[in-house]
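Structural description and commentary
Residue-level listing of the chains:
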Amino acid sequence: MNIADPDLLDRVHRHALDFLLSLPDRHVGARATREEMLEALRVPLREEGEPSSLVIDELAAQGDRGAIASAGPRYFGFVIGGSLPVALAADWLTSAWDQNPGIYATSPISSVIEEIAAQWVLEILDLPRESGVGFVTGCQMANFTGLAAARHGVLRKVGVNVEETGLADAPRVNVVVGDEAHVTVLTSLRMLGFGLKGLHHVATDSQGRMRADELARVVKSLPEGPTIIVAQAGNVNTGAFDPLRDIAEIAHERGAWVHVDSAFGLWARASRDRAFLADGIDLADSWATDAHKWLNVPYDCGIVIVRDSSAQRSAMAVRAEYLEHSAGVERDNFEFVPEFSRRARGIPVYAALRALGRRGVETMVDNGCARAREIADLLRADSRVKILNDVVLNQVLVRFGDSDELTKEVVARVQREGTCWLGGTTWQGLGAMRISVSHWGTSEEDAERSAEAILRCVG
Ligand SMILES: *Cc1c(COP(=O)(O)O)cnc(C)c1O
């Protein structure tokens, strides 16, 4: 048996390089329609398979046409991020190793690497070093896991083990969210048995920040009982941060648990220049973030952090007779996350943090913020443009001719034109173009080229 196929791996290496090296110059959008891709890829499922090299060649050819260049430096849609070369390389190793990182016994190397990466994450984000850290698919599952720990933690304080009792026989938990809570917070709460109708909402300000005075009012009006407050660091539209220190103060007076959705905003902690935005975030109880966005590791990789790691383990851990739980100091990764078997996604995080160091992560964050400011300034100089948000981080909201229609049209033209890619949104009733600079390699020249292309598309 040939356990590996060197020719095939050489071939895919070349295809991957061709793709990556084309990124700085290619049209940023996809260049094939759904029909064209289906036409090329939907062969009948055969009785006998086809040669591996042919399958890989055809995939590469179609990926080249049908993939959007979000791994490149002028993709500004949603909040996506690319892949650092070292993180991609470590991800290839992860695939080759094909480890199941569930428990120490199934993959000692994954356990050790995630133990180290977890500690580095806490150091670079300056969060309580005793926290539990789990590597999940993305911030959706990080929110889910953090909120599951919150549910356990607040109910344990009133003597209920919710994993045993279930919600139906537990005291009612008050859940407070800002009006700008990300949809994944709401799905997480739904999955945890907190219906949307029962949530307590707090009004936000012009930048989408939870209003502390409103939170104080809402908290005062809550019925007695355990309480979870969900804050946000880094609004998907404006990049704004909730007033986290005030929120923590109000919460602690009440004995509430604070969970922070900080998919990309948490990385501001790594920047001496931007850390002030997240002031007080370390006073929270749990944090959800992404590594696949601003840390620029390949998809998928989110991180959940819980100060009281026993609450996290109680909410997540499973026990089964056949599992060889580590009895000693070894880390069983699955105690920290919902998944049983999964990808060893802590490995690219380890590689990225080791290769970048503190200063490298800081530079990446500062770079995204600086490029966002540059694009905003270049656009703002044109009288037809209005920047709708305070550009405090990496997010810019742009409106053209004070018109929803023109704004939508400019977004569509930019997508067709292909110098860069960005999407549309609605901000406080106004149509806007949303720019997110989350790629490690976006240069000043990329910012200038993109701003010029956008202004050309205004017509
Ligand atoms: C992207 C994002 C999420 C969801 O993260 P995924 O990695 O897509 O699951 C949650 N909250 C905020 C603020 C985000 O920007």
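So, how was this worked out
- Residues numbered from 1 in each chain as written.
- Predicted model: local features only at pLDDT ≥ 70, side-chain atom pairs only at ≥ 80, totals over all residues.
- Heavy atoms only, no water.
- Axes fitted to C-alpha atoms, helices over the stretch in contact; angles between N-to-C directions.
- Helix = DSSP H or I, 4+ residues; strand = E, 2+ residues; numbered from the N terminus.
- Parallel < 35°, antiparallel > 145°, perpendicular 65-115°, else oblique.
- Left-handed = near helix turned anticlockwise from the far one by under 90°.
- Contact = heavy atoms within 4.5 Å.
- Patch = residues over 30% accessible without salt bridge, like charges linked within 9 Å, V, L, I, M, F, W, Y side chains within 5 Å.
- Areas by Shrake-Rupley, 256 points an atom, 1.4 Å probe, with all protein chains shown as cover.
- Salt bridge = Lys/Arg side-chain N within 4 Å of Asp/Glu carboxyl O.
- Domains from an automatic or database assignment.
- Near = heavy atom within 4 Å.
- Polar contact = N/O pair within 3.5 Å; in protein donor to acceptor, adjacent residues only side chain to side chain.
- Nonpolar A, V, L, I, M, F, W, Y, C, P; charged D, E, K, R; others polar.
- Buried < 20%, exposed > 50% of the residue type's maximum accessible area, 1.4 Å probe, protein only.
- Pairing = 2+ DSSP bridges.
- 1 Å grid on protein atoms, 1.4 Å probe; cavity = no way out; pocket = protein on both sides within 12 Å on 5 of 7 lines; lining within 4 Å.
- Points joined across faces, edges and corners; volume = space filled by probe spheres on them.
- Arc of directions from axis to C-beta.

1. Some words on the packing of helix α13 (residues 404-417) against helix α14 (residues 444-458)
To characterise two packed helices, one gives the angle between the axes of the helices and the distance between these axes. At a minimum axis separation of 9 Å, α13 and α14 run at an interaxial angle of 125 degrees. When the interaxial angle is binned, α13 and α14 end up oblique. As for how α13 packs across α14, the hand of that crossing is right-handed. Packed against α13, whose contacting residues are L406, V410, R413, V414 and E417, the element α14 presents A453, I454, R456, C457 and V458 at the interface.

2. Quick look at a nonpolar patch on the surface
On the surface, L41, L54, V55 and L59 cluster together into a nonpolar patch covering about 310 Å² of accessible area. Looking at the nonpolar patch, the element that brings in the most residues is helix α3 (residues 52-66), giving three residues. Position of L41 among the secondary structure elements: in helix α2 (residues 34-41).

3. Concerning the domain arrangement of the chain
Domain parsing of the chain yields domain 1 (6-69) and domain 2 (90-352). Spacing between the C-alpha centres of domain 1 and domain 2 amounts to 36 Å.

4. With respect to the site of the ligand
With respect to spatial proximity, 13 residues lie near the ligand, and among them Q140, D261, D290, H292 and K293 are the closest. H182 is positioned such that a nitrogen or oxygen atom in its side chain is 3.5 Å from a nitrogen atom of the ligand. The separation between an oxygen atom of the ligand and a polar side-chain atom of K293 is 2.8 Å. Considered on its own, the ligand offers 380 Å² of accessible surface; in the complex 84% of this is hidden by protein. Class assignment of the residues belonging to the shell around the ligand gives a composition of four nonpolar, six polar and three charged.

5. With respect to the pattern of salt bridges
Here the structure, examined in full by the defined rule, presents 33 salt bridges. A salt bridge links R272 to E362; its shortest N-O distance comes to 2.8 Å. Linking R272 in the loop between β5 (257-261) and β6 (286-290) with E362 in helix α12 (residues 346-380), this pair joins segments that are 90 residues apart in sequence. Given a relative accessible area of 63%, R272 falls into the exposed group. Across the pair K293 and D290 runs a salt bridge whose closest N-O atoms are separated by 3.6 Å. Relative accessible area serves as the criterion here: at 11%, K293 is assigned to the buried category. Overall, the relative accessible area of 2% leaves D290 in the buried class. Because the salt bridges share partners, they merge into one network encompassing D126, R129, R269 and D282.

6. Quick look at the side chain of T184
Residue position: T184 is located in helix α8 (residues 183-191). In this structure T184 comes out as buried when scored by relative accessible area, which is 13%. Only 3.3 Å separates the side chain of T184 from the side chain of N143, close enough to count as a polar contact. For T184, the contacting residues outside a window of four places in its chain are Q140 and N143.

7. Comments concerning unusual backbone geometry
Following Y299, the chain continues to D300 via a peptide bond in cis, the omega torsion being 0 degrees. Look at D98: it is not a glycine, yet its phi comes out positive at around 45 degrees. Relative to the helices and strands, D98 is located in the loop between α4 (85-97) and α5 (108-124). The phi dihedral of D126 is positive, around 50 degrees, even though this residue is not glycine. With respect to the helices and strands, the residue D126 is situated in the loop between α5 and β1 (132-136). For D126, a relative accessible area of 41% puts it in the partly exposed group.

8. Description of the sheet that holds strand β9 (residues 395-400)
If you walk across this open sheet you meet the four strands as β8-β9-β11-β10, and the pairing is antiparallel. Both edges of this open sheet fall to β8 (385-387) and β10 (423-427), since each of them pairs with a single strand only. Mean inter-strand twist for the sheet, computed between neighbouring axes without regard to direction, equals 40 degrees. Bridge count for β9 against strand β11 (residues 430-436) is four bridges, and the pairing is antiparallel.

9. Some remarks on empty space enclosed by the protein
Tallied over the full model, the rule gives two cavities of 30 Å³ or more. As a volume, the largest cavity reaches approximately 50 Å³. The wall of the largest cavity is formed by G178, E180, A181, V185, T204, G208, R209, M210, V230, A231, Q232 and D242. Looking at the lining of the largest cavity element by element, the count peaks at three residues for strand β4 (residues 227-232). Of the residues contributing to the lining of the largest cavity, the split by class is five nonpolar, four polar and three charged. Roughly 40 Å³ of volume is contained in the second largest cavity.

10. Some remarks on helix α10 (residues 244-254)
Listed in full, the buried residues belonging to α10 are L244, I247, A248, I250 and A251. What you see down the axis of α10 is that its buried residues fit within an arc of 165 degrees, all on one side. Of the residues in α10, the exposed ones pointing more than 90 degrees away from the buried face are E249 and E253. Taken together, the buried residues of α10 touch α9 (212-221), β4 and β5.

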